[in-house]
Amino acid sequence: MKEKLIKKAIDILEANFQEGGFTIPSKGLYPFQWKWDSGFIAIGFAHYDIEKAKTEIKTLLDAQWENGFIPHIIFHTDDDSYFPGADFHRSELHPLSSKKFKSTGMTQPPVTGFVLQEMYRIAEDKTDMLKFIGTLIDKVYDNHDYFYTNRDPNDEGLVYIYHNWESGTDNSPVWDDIWKTMNPPDYTFERKDTTHVDASQRPSKREYDHYLNIIEIAKEHNYDDDKIAELSPFLVQDPLFNAMLIKSNEALIELYGLIGNNQEKQKTLTQWQKKSIQTFNDKLFDPKLGAYVHYDLRNKKAIRHICSSSFSPLFANIPDNERAKILVKTMLDKFGGDDKYLCASFDPTNERFNPKKYWRGPVWINMNWMLYYGLKNYHFNTVANRVKNDSVELIERDGFFEYFDCRKDNGETLRKGYGGDNFSWSAALIIDLLKT
Ligand code: DGY
């Protein structure tokens, strides 16, 4: 069974790999290269085709801007089956944007550092992999430098995101609190996502109005970081985004150590790391909820909801053992009933929970993958194995979809996952989980 599942996963990755040296997340729905998808995909490739893993990351970093920024979507082809495309985003407005590739003017979670570390862990030929890492590690460092220089206006060690699409958790109910502070125009545009996927599983038209409005404001100022910090209605310190940055800092420190000769950069990374972890724990932990939460930097207040991002600090070794125990208790109490698969993307006891709608409740394999390794870090082996087994069971029975119903009984006899089918990171990460 395990071999059959791995074979199917490999077939999906191979079918989604494109001539341009990158992998689409899912045919139809997502026809370009996405930043965090690419990272997770490379981990899957590393298990059976190390050269493809290298290519995926090389192509991603090829689209880096001169200021170190890495965009969230790279539009390698002219494909009008996706909205909003290159003509809407207009990355060329920013003076330092890539001259080679059109892209969005926003980013996505900083996965690249820890992905290189994973590739090193998986690679059989460590010398060859370290040589490869040596050719591009400075680009990843520059990306972190971009974040700490441009996305931390109060010099706290926590970076902000200025758009919900930067978080990766696109339509999380956490953002509803921010939408209440905005009143965007009722834009006219043609959605493409709902031609590929049932609208009940995707964000609403009104949500898209908010998404587009933030981009319009950023474009008015040519994606200038200072202006965005001053004017964007969405400005959030996100625990998932910052946890991934911290995890990637840790990876870069280790990899520079292995490569040698880069004491300056290691020193700077160590300083960033210390401050980031300190502020993360002081500012983002909510003792009443027993979880990490988002902080709305624009409106200067915490957004007090629990979602799967609340547990992601385990992946980056951020909490101490005491706090890790509290996190796991919260997770099991709220998300871990016997009638549920781990781990819902949003608190199932909250009235905003929706088991079918994208990031408002369904289980996501990339979050489970992080949670699995995070729980292992703190030796919660039983819960970690539950997360792994739940992921395998869901994929085996419901298919290689983008997201899954967390209810063990959802009233359907012939279950299927939700969102895009033959989804690359579901395939890539299940290979890793099954081979680990
Ligand atoms: C989408 O189109 O929903 C994408 O996830 C944005 O990154």
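A short tour of the structure in this document, coming up. (Residues numbered from 1 in each chain as written. Predicted model: local features only at pLDDT ≥ 70, side-chain atom pairs only at ≥ 80, totals over all residues. Heavy atoms only, no water.)

**Side note on the environment of Leu245**
Here is the rule we go by: By definition, any uninterrupted DSSP run of H or I lasting at least four residues is a helix, any uninterrupted run of E lasting at least two residues is a strand, and each is numbered from the N terminus. Only protein chains enter the accessibility calculation, which uses a 1.4 Å probe; a residue is then buried when its area is under 20% of its type maximum, exposed when over 50%, and partly exposed in between. The contact definition used throughout considers only heavy atoms, calling two residues in contact when any of these lie within 4.5 Å.
Tracing the chain through its elements places Leu245 in helix H12 (residues 239–259). Of the residues examined, Leu245 reaches a relative accessible area of 0% and is grouped as buried. Along the primary structure Leu245 and Thr112 are separated by 133 residues, whereas in three dimensions their C-alpha atoms are 9.2 Å apart. Apart from residues lying up to four places away in sequence, Leu245 is in contact with Pro110, His144, Phe147, Tyr148 and Val159.

**With respect to the layout of surface pockets**
Rolling a probe over the atoms, with the probe sized like a water molecule, indicates the empty space that remains. For the record, the criterion: Cavity and pocket criteria rest on a 1 Å grid covering protein atoms alone: a 1.4 Å probe that fits but cannot get out defines a cavity, protein on both sides within 12 Å along at least 5 of 7 lines defines an open pocket, and an atom within 4 Å of a point defines a lining residue. Grid points are joined across faces, edges and corners, and a volume is the space filled by probe spheres set on the points. As a working rule, the residues Ala, Val, Leu, Ile, Met, Phe, Trp, Tyr, Cys and Pro are called nonpolar, Asp, Glu, Lys and Arg charged, and the rest polar, with Gly in that last group.
The calculated volume of the largest pocket comes to roughly 270 Å³. In terms of lining, the largest pocket is formed by 16 residues, of which the most central are Asp79, Asp80, Gly85, Ala86 and Asp87. When residues of the lining of the largest pocket are assigned to their parent elements, the largest contribution, 3 residues, is made by helix H4 (residues 86–89). Of the residues assigned to the lining of the largest pocket, the class counts are 7 nonpolar, 3 polar and 6 charged.

**Describing the sheet that holds strand E9 (residues 294–296)**
Convention followed: DSSP bridges decide pairing: two strands pair if at least two such bridges lie between them.
The sheet built from 3 strands is open, its strands ordered E6-E9-E10 with antiparallel pairing. Strands with a single pairing partner mark the edges of an open sheet, and in this sheet they are strand E6 (236–237) and strand E10 (301–303). Both E6 and E9 contribute to a ladder of 2 bridges, which runs antiparallel. By the bridge assignment, Gln237 is partnered in E9 with Tyr295.

**What to know about the packing of helix H2 (residues 35–46) against helix H17 (residues 424–435)**
Heads up, the rule is: Orientation is described by lines fitted to C-alpha atoms, with helices fitted over the stretch in contact, and by angles between N-to-C directions that extend from 0 to 180 degrees. A crossing counts as left-handed when the near helix is turned anticlockwise from the far one by less than a right angle, and as right-handed when that turn is clockwise.
One way to put it is that H2 packs onto H17 with a least axis distance of 7 Å and a crossing angle of 35°. Pair H2 / H17 crosses with left-handed handedness. Contacts between H2 and H17 involve Trp36, Asp37, Phe40, Ile41, Ile43 and Gly44 on the former and, on the latter, Ser424, Trp425, Ala428, Leu429, Ile431 and Asp432. Grouping the amino acids of the contact of H2 with H17 by side-chain chemistry returns 8 nonpolar, 2 polar and 2 charged.

**As for the site of the ligand**
How we decide: To be near a molecule or strand, a residue needs just one of its heavy atoms within 4 Å of it. Within 3.5 Å is the distance limit for a polar contact, defined as a pair of N or O atoms, with the added protein rule that one can donate a hydrogen and the other accept it, and that residues adjacent in sequence qualify only through two side-chain atoms. Placement in a cavity or pocket follows one criterion, namely that more than half of the molecule's atoms lie within 2 Å of its grid points.
Lining the immediate surroundings of the ligand are Tyr30, Trp34, His72, Tyr82, Trp165, Asp170, Arg202 and Tyr358. Separating an oxygen atom of the ligand from a side-chain N or O atom of His72 is a distance of 2.8 Å. Placement of the ligand is best described as lying within the largest cavity.

**A few points about the sheet that holds strand E4 (residues 73–75)**
Taken in spatial order, the 3 strands line up as E3-E4-E5 in an open sheet, and their pairing is antiparallel. A strand with exactly one partner marks an edge of an open sheet, and here the two such strands are strand E3 (33–34) and strand E5 (102–103). With 2 bridges connecting them, E3 and E4 associate as antiparallel partners. Within the sheet, the bridge partner assigned to Trp34 lies in E4 and is Ile73.

**Some thoughts on empty space enclosed by the protein**
All chains considered together, the criterion is met by 3 cavities of 30 Å³ or more. Roughly 200 Å³ of internal volume is contained in the largest cavity. Around the largest cavity sit 21 residues that line it, and Tyr30, Trp34, Gln108, Asp170 and Tyr358 are the ones nearest its centre. Broken down by class, the residue content of the lining of the largest cavity amounts to 13 nonpolar, 3 polar and 5 charged. Computed from the structure, the second largest cavity encloses a volume of approximately 50 Å³. Lining the second largest cavity are Trp65, Asn67, Phe69, His94, Gly105, Tyr146, Arg151, Tyr162, Tyr223, Asp225 and Ile228. Split into classes, the residues belonging to the lining of the second largest cavity amount to 6 nonpolar, 3 polar and 2 charged.

**Overview of the pattern of salt bridges**
This is how the line gets drawn: Throughout this description, the term salt bridge denotes a Lys or Arg side-chain nitrogen within 4 Å of a carboxyl oxygen of Asp or Glu.
Evaluated as defined, the whole model comprises 37 salt bridges. Lys340 is paired through a salt bridge with Asp339; the nearest N and O atoms lie 3.4 Å apart. A cluster of three or more residues bridged by salt bridges with shared partners is formed by Asp176, Asp177, Glu207, Arg352 and Arg360.

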